[in-house]
Amino acid sequence: MLYRENGQFKTNYRADQQVFPILQDRIAIGALLVFAFAVVPLIAPEYLFRAILIPFLILSLAALGLNILVGYCGQISLGTGAFMAIGAYAAYNFQVRIPGMPLIVSLLLGGATATLVGVLFGIPSLRIKGLYLAVATLAAQFFTDWAFLRIKWFTNDSASGSVSVAGLQVFGLPIETPAQKYLFCLAFVAVFALLAKNLVRSHIGREWMAIRDMDVAAAVIGIRPVYAKLSAFAVSSFIVGVAGALWGFVHLGSWEPAAFSIDRSFQLLFMVIIGGLGSIMGSFFGAAFIVVLPIVLDALPYWFGIPIDTALAAHLTFMIFGALIVFFLIVEPHGLARLWSTAKEKLRLWPFPH
Amino acid sequence: MGFFLETLFGGLMAGMLYSLIALGFVLIFKASGVFNFAQGAMVLFAALAMARFSEWIPAALGIESKVLGNVLAFIAAMAVMVAVAWLIERLCLSKLVNQEAITLLMATLGITYFLDGFGQTLFGSDIYKIDVGMPKDPIFLFQSTFEGGVLISQEDLVAALIAALLVGALALFFQKTSTGRALRAVADDHQAAQSIGIPLNRIWVIVWSVAGFAALVAGIIWGSKLGVQFSLSLVALKALPVVILGGLTSVPGAIIGGLIIGVGEKLSEIYIGPMLGGGIEIWFAYVLALLFLLVRPQGLFGEKIIDRV
């Protein structure tokens, strides 16, 4: 009863093409943003920022980028961690080698570098498809793992590829406390989510979806597969690269190539699949689920007061994590985003049966 | 020249071991269209089971003979792998019929996590040994032709022979037995196979069991070479380029692909590696596979991918 579009008439094209055509959605999103920007920094404890909120924000940005490639353009990628690494190390190099480089510019340049490499590794997708492509993208993963360990120039001659940044500031404001870091990440995520949302409902987003659904048919109706696939790789690796730079600069502070290993790639793919392929909202749900789940699983024995050997607890966490993923895929193969939209459908009628 | 040949033989035999793991991928993909990422975890699981049973069973039954102990442990480990195959089919795959390839891929990733955790909870997470009496001493060949001859590890040679035997046996199984024929029918077309009365569920259990058998053999060989530990499951990552290079649907492809990757890896490590700073083994296989795929997108022996609108 509360959530329905009755009486909200669209009298011009602008109103018809809004991002959120329903008034209740606009109010809800506005309230959420106000809450996230103004209320959370005041009330959240430091642990919550460090362990959950900041990783959640950055990883949901990366998942958003991956979702554009996998969910919207249908090109499976197992090499996301590589593009995060490229973003992080490129941003590091811009920051260190050019004196007085503004933080935001080096983060964005990190993303731009990831874009270049992403397009390069996207070229095989024009010929290789499906699972073959998925395995081929692992080439990017292992190559970057190796490159950042062995090629000293990339890491400013540091041993074993570990680098660190300190004294971050934007427009003269320092980014030191967890709350400041949180706000910085949140601003990035909000801007990129809006951009991505608009991109996927523009003509380029439609081209991606056409390629995803059937690339031969899409080519027949005049969509250039080269342009569509490479642009998806470019946009996706840009966002993933920026997320990687944020992960290194803001969340970790100092990192080495292992921070962007193949496990990170799988983790991001899990987020996208569990959240929902081809859904901006789903990326956030998936990220929340995957970030919070291990923390809860780790904490569970303590809550119940059962003492468990740490090695055993780690193995049990693995088992439960794997089982839950299989369970989710069986129960809802279209992800949490589908549950969300089902709930919204139900809400439109509630509390009436019809 | 002698050194080159030595590297070449080393590569060929390493390649044979890769194809042993790649075989597991191909078997399952052929029969159910699932890209089984869990193959590596299955290798680890099988190797752990084998290692622990070969300790437990002789201890429990008081068997002195090492051969008998190993045989019993092998049978027990195989039984465990069949049970795993049955559980995977029952609890996971039968509920995911007709889902997209990527969903199935993710499900096998979930299974990977589960098996990694489960195996180590059940069998412990230390480093274990498998001793099936593989000969350890190297032998020298062509001593008359080259000075010093060509050094070959006997262990690798035996492993390669076992792998070749296994491949031959599987080829016979697929071509000559009625079960093998049913497997090929399912691989060709699920619905058509079902409509002429082939029970899909049972076929899948059989395929996963056969893949479990391949995993067990691979686990024993790799395990007696490297020791049974968690990193064994990472060997699967080495087998992935083999699978796509040979073609996801081709058993001979897995063998030839394995040999190409094995040789390419070893030769590149020796001859190109020093130029790039070493350690290129890890990505070279993937780049090599990628180059082959650019020419033949379905792999060397894969079925041609035909796009229909």
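All values reported here derive from a predicted model rather than from experimental measurement. (Residues numbered from 1 in each chain as written. Chains lettered and ligands numbered in written order. Predicted model: local features only at pLDDT ≥ 70, side-chain atom pairs only at ≥ 80, totals over all residues.)

Below, the discussion takes up the overall build of chain A. When helices and strands are tallied, chain A shows 14 helices and four strands. Summarising its shape, the C-alpha atoms of chain A cover approximately 65 × 60 × 45 Å along the three principal directions. Put simply, chain A has 354 residues, and 45% of those count as buried. (Helix = DSSP H or I, 4+ residues; strand = E, 2+ residues; numbered from the N terminus. Buried ≥ 20, exposed ≤ 12 C-beta atoms within 10 Å, placed from the backbone.)

Turning our attention to the overall build of chain B. On a plain count of helices and strands, chain B comes out with 12 helices and two strands. Counting from the amino terminus, helix and strand elements in chain B follow one another as α-α-α-α-β-β-α-α-α-α-α-α-α-α. Seen through its principal axes, chain B has C-alpha atoms that stretch 65 × 60 × 35 Å. When burial is assessed residue by residue, chain B has 49% of its 309 residues classed as buried. Counted over contacts in chain B with a minimum sequence separation of 6, partners at least 24 positions apart contribute 74%. (Contact = placed C-beta atoms within 7 Å.)

With that settled, consider the packing of helix H6 (residues 130-150) of chain A against helix H9 (residues 235-246) of chain B. Viewed as axis vectors pointing N to C, H6(A) and H9(B) meet at an angle of 135°, and their least axial separation amounts to 10 Å. Here H6(A) is positioned oblique relative to H9(B), judged by the angle of their axes. For the pair H6(A) and H9(B), the sense of crossing is left-handed. Residue-level contacts link Tyr132(A), Val135(A), Ala136(A) and Leu138(A) of H6(A) to Leu240(B), Pro241(B) and Ile244(B) of H9(B). Class assignment of the residues belonging to the contact of H6(A) with H9(B) gives a composition of seven nonpolar, no polar and no charged. (Axes fitted to C-alpha atoms, helices over the stretch in contact; angles between N-to-C directions. Parallel < 35°, antiparallel > 145°, perpendicular 65-115°, else oblique. Left-handed = near helix turned anticlockwise from the far one by under 90°. Nonpolar A, V, L, I, M, F, W, Y, C, P; charged D, E, K, R; others polar.)

Quick look at the packing of H9(B) against helix H12 (residues 281-295) of chain B now. Residues and elements named next belong to chain B. The contact between H9 and H12 brings their axes to 9 Å, and the two run at 10°. Comparing their axes, H12 and H9 come out roughly parallel. Where H9 approaches H12, its residues Lys238, Pro241, Ile244 and Leu245 are matched on the opposing element by Ala285, Tyr286, Leu288, Ala289, Phe292 and Leu293. Residues belonging to the contact of H9 with H12 are distributed by class as follows: nine nonpolar, no polar and one charged.

Moving on, we come to the nonpolar core. By size, the foremost hydrophobic cluster in this structure holds 209 residues, and its most contacted members are Leu61(A), Leu246(A), Val43(B) and Ala47(B). For this core, the element with the highest residue contribution is helix H8 (residues 200-226) of chain B, accounting for 17 residues. Leaving out residues up to four positions away in the same chain, Leu61(A) has contacts with Phe188(A), Val189(A), Phe192(A), Ile239(A), Val242(A), Ala243(A) and Leu246(A). (Core = buried A, V, L, I, M, F, W, Y, C linked by C-beta atoms within 7 Å.)

Looking only at helix H8 (residues 203-213) of chain A, the buried set comprises Gly205(A), Glu207(A), Trp208(A), Ala210(A), Ile211(A) and Arg212(A). Elements that come into contact with the buried residues of H8(A) comprise helix H3 (46-72), helix H7 (178-200), helix H9 (215-220) and helix H10 (225-252) of chain A.

In this section: the interface of chain A and chain B. Of the residues lining the interface, 39 residues belong to chain A; the matching set on chain B comes to 41 residues. Counting only elements with at least two residues in the side of chain A that touches chain B, the list comes to H6, H9, helix H11 (262-275) and helix H13 (310-331) of chain A. It is H13(A) that contributes the most residues to the side of chain A that touches chain B, 13 residues altogether. Along the lines of polarity and charge, the residues of the side of chain A that touches chain B split into 33 nonpolar, three polar and three charged.

A separate point is H9(B). All names here are of chain B. Taking 1.5 Å of rise per residue, the 12 residues of H9 would be expected to cover 16 Å, and the 17 Å separating its terminal C-alpha atoms lies within 8% of that figure. For H9, the buried fraction is high: 11 of the 12 residues fall into the buried class. Along H9, the positions that sit buried rather than exposed are Val235, Ala236, Lys238, Ala239, Leu240, Pro241, Val242, Val243, Ile244, Leu245 and Gly246. Phi for Gly247, located one or two positions after H9, is positive at around 110°. (Expected span 1.5 Å × (residues − 1).)

Time to look at the environment of Glu345(A). Here Glu345(A) lies in helix H14 (residues 336-349). Along the backbone, Glu345(A) and Arg4(A) are 341 residues apart, and their C-alpha atoms lie at a distance of 9.2 Å.

Moving on, we get to the environment of Phe35(B). In this structure, Phe35(B) sits in the loop between helix H1 (2-32) and helix H2 (39-61). C-alpha separation for the pair Phe35(B) and Leu151(B), spaced 116 residues apart in sequence, amounts to 38 Å. Aside from chain neighbours lying at most four places away, what touches Phe35(B) is Leu131(A), Phe29(B), Ala101(B), Leu104(B), Leu105(B) and Thr108(B).

The next thing to look at is the confidence of the model for chain B. Residues and elements named next belong to chain B. Put simply, chain B has an average pLDDT of 83, and 96% of its residues get 70 or more. For chain B, the element scoring lowest by mean pLDDT is strand E1 (residues 138-141), at 70; helix H3 (residues 66-91) scores highest, at 89. Two summary scores accompany this predicted model of the complex, namely pTM at 0.89 and ipTM at 0.84. (pLDDT = per-residue confidence, 0-100.)

The next subject is unusual backbone geometry. Of note, the bond from Trp350(A) into Pro351(A) is cis; its omega dihedral lies within 30 degrees of zero at 5°. Among the structural elements, Pro351(A) can be located in the segment after H14.

Before going further, it helps to spend a moment on the environment of Thr342(A). Residue and element names in this part refer to chain A. Mapped onto the secondary structure, Thr342 falls in helix H14. On the neighbour-count criterion, Thr342 (12 C-beta atoms within 10 Å) is exposed. Counting along the chain gives 195 residues from Thr342 to Ala147, while the straight-line C-alpha distance between them is 45 Å.

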